[in-house]
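# Secondary and tertiary structure notes
What follows is the residue order along each chain.
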Amino acid sequence: MKNLIVYLTLFLTVMVTAQEMPITYSFGEKYNDRHRYSNLVTIAEDGDNGYILVRSYFQGLILKPKGYLIERYDKDLNLISEYNYKFRDMQFIDGFVKNGTLNLIFFNYDYNKGQYEYWVHKTATTNMNFTTERFYSIETKVVEGAYGKNYYNRNFNNGFSTTLLFNRDRTGFVISTDHAKGKEENHTLHMFDTSFKKRWEVDFDTEAEEKNYAFEQLALSDDLSEAYLIGKAYFKKRRFKVDERKYQYELMKVGPTGIQTQDFTQPGIYPEALYPILEGNVVKCVGFYADRKDNRYNGISFYEVDKNALALTNQKHHPFTEDFMFDKFGREDNRVIKNLVFKGVDITEEGNILFNAEEYFVTNSMYRTGAGQRMQVERFHYNDIMSAKLKANGDLIWVRNVNKSEVTQGDEAYASYSSFSKDGTTYFFICTAAENPQLINNERMIFKQGLTQNRNVFTISLDAQGKMTYKKIIDGKEARLPLMVSMPFTSKKDDAMLFYAKRGSKKQLVKVAF
């Protein structure tokens, strides 16, 4: 936590009050932990009425990855087993549990074979005994930064790039590969189920002749026969006017029968950060828009597309409301909204769409060490929370903003936030050393940082009408250990969230129930 620098401010209107919330919490026992330096990578149910956590850990005078610590807890949050998987030779991509099997996905370059590879390491959660399987490979030269997803700047000139995207329900995933050999370029999509069986593979070289695709979001049909991908399509050779963007957002329908695309380009409306929702015979895309070529957002966009013909049947665009702008800026004149990244989407019983996003960006700076050396530091910023509610037809019900400012160069699991929706109300969880909000100019409220290392957990709720309330649900003096608030396990069937808390050589689980 000493590398985590958090300047967390939360501005609320005078209508906001601290009040009771339908939330309870319980602590598991504190345990000693010999791995002081680690990152949580997976938390899930273990298939045996308990929970499983996977952490990558680091050791040495110069910290280097050494392996993965796998912890199992029972339903009462008691630690029942630990397993040290001493594997460190590949890049970790993702992990999940299905049918009592823990699956860890890795990415690797085999220098002997001259190929990039995706691997899965599997074990039963109740009896650790890993087996490995290479489920995809492609021959190419090694390049720097081959795997990754960057929200704003994608490099398509290094000869090879790839990314892996799960859908929201994690029923399957798609691997995208962009491979250039001389003047030839091959862009391919590969669809896998969660048993790591390839369902289909599709080339879209024709589409890629004029554009490079950076995919951001994925929705899958129930039978996994069709994938609906949202991505930025960067034009390669087109000449642009001063007020034109070099990319456009597109929805791509991909499957064994072929490819269809739908772009959302129109004068004065530049979509950003769209998210696909598959409902019956339509694909709904929600997100944001700008009215000019930069990434300053002006409002919320809604598109409805026929999933068979991929034809646009409905669209609506809502400028940010004055309430939203006051939430965010107060009476400031310089009002710029940008860099919003989706965090959560929920559909209510009435079919309304609840979604929230966060301002996220990365900065680089130089600092001088005690030895007089200059080093570059990369810092990750997690700023304001934006939350909106739309009717099923795209009409805006409300949009609100929660102001905060966080920056970290260490483990970002302690920064950012998590959310949970129940009965039309959305709850946001943040972790801060602030004790009490203070009223500013009789208009807005602010949580100051505070000096203690103990971290309080606050919940901010937005009800069905968009009314905002807050409460400190866990006091830092009681919790003692800071929660990894942005990486919970969420159980809709139990109406509960599970958080991992850790500092130094101590660890525990914390359960929040609604």
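The preceding data block contains the structure.
So, here is what we can say about the structure in this document. (Residues numbered from 1 in each chain as written. Predicted model: local features only at pLDDT ≥ 70, side-chain atom pairs only at ≥ 80, totals over all residues. Heavy atoms only, no water.)

## What about the sheet that holds strand S6 (residues 51-59)?
Filter applied, for reference: Being paired, for any two strands, means DSSP has found at least two bridges between them. Only DSSP runs of H or I with at least four residues qualify as helices, and only runs of E with at least two residues qualify as strands; both kinds are numbered from the N terminus onward. Where helices are involved, their axes are fitted lines through C-alpha atoms of the stretch in contact, as for all axes, and angles between N-to-C directions lie from 0 to 180°.
As summarised here, the arrangement of the four strands in space is S5-S6-S7-S8, forming an open sheet in which the pairing is antiparallel. Since the sheet does not close on itself, it has two edges, and those belong to strand S5 (38-45) and strand S8 (79-85), each with one partner. Strand-to-strand twist in this sheet, taken as the mean axis angle between neighbours without regard to direction, amounts to 20°. Summarising the sheet, S6 and strand S7 (residues 64-73) pair through nine bridges and their orientation is antiparallel. Along S7, the bridge assignment pairs Leu-53 with Glu-71.

## Describing helix H2 (residues 322-329)
Put simply, the rule is: When a residue's accessible area, from a 1.4 Å probe over protein chains only, is under 20% of the maximum for its type it is buried; when over 50% it is exposed; and in between it is partly exposed. Arc, as used here, means the arc of the directions from the helix axis to the C-beta atoms.
Looking only at H2, the buried set comprises Phe-324, Met-325, Asp-327, Lys-328 and Phe-329. Buried positions in H2, seen along its axis, are confined to an arc of 165° and lie on one side of it. Away from its buried face by more than 90 degrees, H2 exposes Glu-322 and Asp-323. After H2 finishes, the residue Gly-330 shows a positive phi value of roughly 65°.

## Considering the sheet that holds strand S13 (residues 160-166)
Taken in spatial order, the four strands line up as S13-S14-S15-S16 in an open sheet, and their pairing is antiparallel. Where the open sheet ends on each side, the last strands, each with one partner, are S13 and strand S16 (198-203). If you compare each strand with its neighbour and ignore which way they point, the axes differ by 15° on average. Two elements, strand S15 (residues 184-193) and S16, share five bridges in a ladder whose sense is antiparallel. Bridge pairing in S16 links His-190 to Glu-201.

## Examining the side chain of Gln-217
Quick note on the threshold: Should any heavy atoms of two residues lie within 4.5 Å, those residues are counted as being in contact.
Secondary-structure assignment places Gln-217 in strand S17 (residues 211-220). Residues within four places of Gln-217 in sequence aside, it is in contact with Leu-165, Tyr-228, Leu-229, Ile-230, Leu-274, Tyr-275, Pro-276 and Phe-342.

## Here's the deal with the pairing of S6
Along S6, seven of the nine residues are buried, which leaves the element largely enclosed by surrounding structure. Across seven bridges, S5 lies against S6 in antiparallel orientation. Residue pairing for S6: Thr-42 is matched across the bridge by Val-54. The turn linking S5 back onto S6 is made up of five residues, and Gly-47 within it adopts a positive phi angle of 85°. Between S6 and the antiparallel strand that follows it, S7, lie four residues; Gly-60 among them carries a positive phi value of about 110°.

## Brief notes about the environment of Val-174
Following the sequence through the fold, Val-174 ends up in strand S14 (residues 172-181). Residue contacts for Val-174: discarding those within four places in its chain leaves Thr-163, Leu-164, Leu-165, Leu-189, His-190, Met-191, Leu-218 and Ala-227.

## Brief notes about the pattern of salt bridges
The condition is simple: Any Lys or Arg side-chain nitrogen located within 4 Å of an Asp or Glu carboxyl oxygen qualifies as a salt bridge.
Tallying each qualifying case throughout the model produces 25 salt bridges. The closest approach of N and O atoms between Arg-72 and Asp-46, which form a salt bridge, is 2.8 Å. With Arg-72 in strand S7 and Asp-46 in the loop between S5 and S6, this pair connects stretches of sequence that are 26 residues apart. For the pair Arg-72 and Asp-46, one class covers both residues: buried.

## Some details on unusual backbone geometry
We note that Asn-49 has phi near 65°; this positive angle belongs to a residue other than glycine. Mapped onto the secondary structure, Asn-49 falls in the loop between S5 and S6. With a phi close to 65°, Ser-416 is a non-glycine residue in the positive phi region. With respect to the secondary-structure elements, Ser-416 resides in the loop between strand S29 (406-408) and strand S30 (418-422).

## Section: a positive patch on the surface
Inclusion rule: Like-charged residues are merged into a patch within 9 Å and nonpolar side chains (Val, Leu, Ile, Met, Phe, Trp, Tyr) within 5 Å, provided each residue has over 30% relative accessible area and no salt bridge. A 1.4 Å probe and the Shrake-Rupley method give the accessible areas. Residues count as covered only by the protein chains that appear here. Positive: Lys, Arg. Negative: Asp, Glu. His and the chain ends are not part of the count. Where a charge lies is defined by one atom per residue type, namely NZ (Lys), CZ (Arg), CG (Asp) and CD (Glu).
Residues Lys-30, Lys-477, Arg-480 and Lys-506 make up a contiguous surface patch of positive charge. Topologically, Lys-30 is positioned in the loop between strand S3 (24-27) and strand S4 (31-32). Residue classification places Lys-30 among the partly exposed positions, given a relative accessible area of 39%.

## Notes on the packing of aromatic side chains
Condition: Classification of ring pairs rests on two measures: the distance between centres of Phe, Tyr or Trp rings, Trp counted by its six-membered ring, which must be within 6.5 Å, and the angle between planes, read as stacked under 30 degrees, edge-to-face over 60 and tilted in between. Each ring is checked for a lysine NZ or an arginine CZ that lies within 6 Å of its centre and within 35 degrees of its normal; such an atom marks a charge sitting over the ring.
One pass over the full model with this rule turns up 45 aromatic pairs. Ring centres of Tyr-85 and Phe-130 lie 3.8 Å apart, and the angle between their planes is 15°; this geometry places the pair in the stacked category. Of the two residues, Tyr-85 is situated in strand S8 and Phe-130 in strand S12 (residues 127-139); the sequence distance between them amounts to 45 residues. Relative accessible area serves as the criterion here: at 11%, Tyr-85 is assigned to the buried category. Of the residues examined, Phe-130 reaches a relative accessible area of 13% and is grouped as buried. A cation sits over an aromatic face here: Lys-232 above Tyr-247, 4.5 Å from the ring centre. A cation over an aromatic ring shows up here: Lys-343 above the ring of Tyr-417, its NZ or CZ 5.0 Å from the ring centre.

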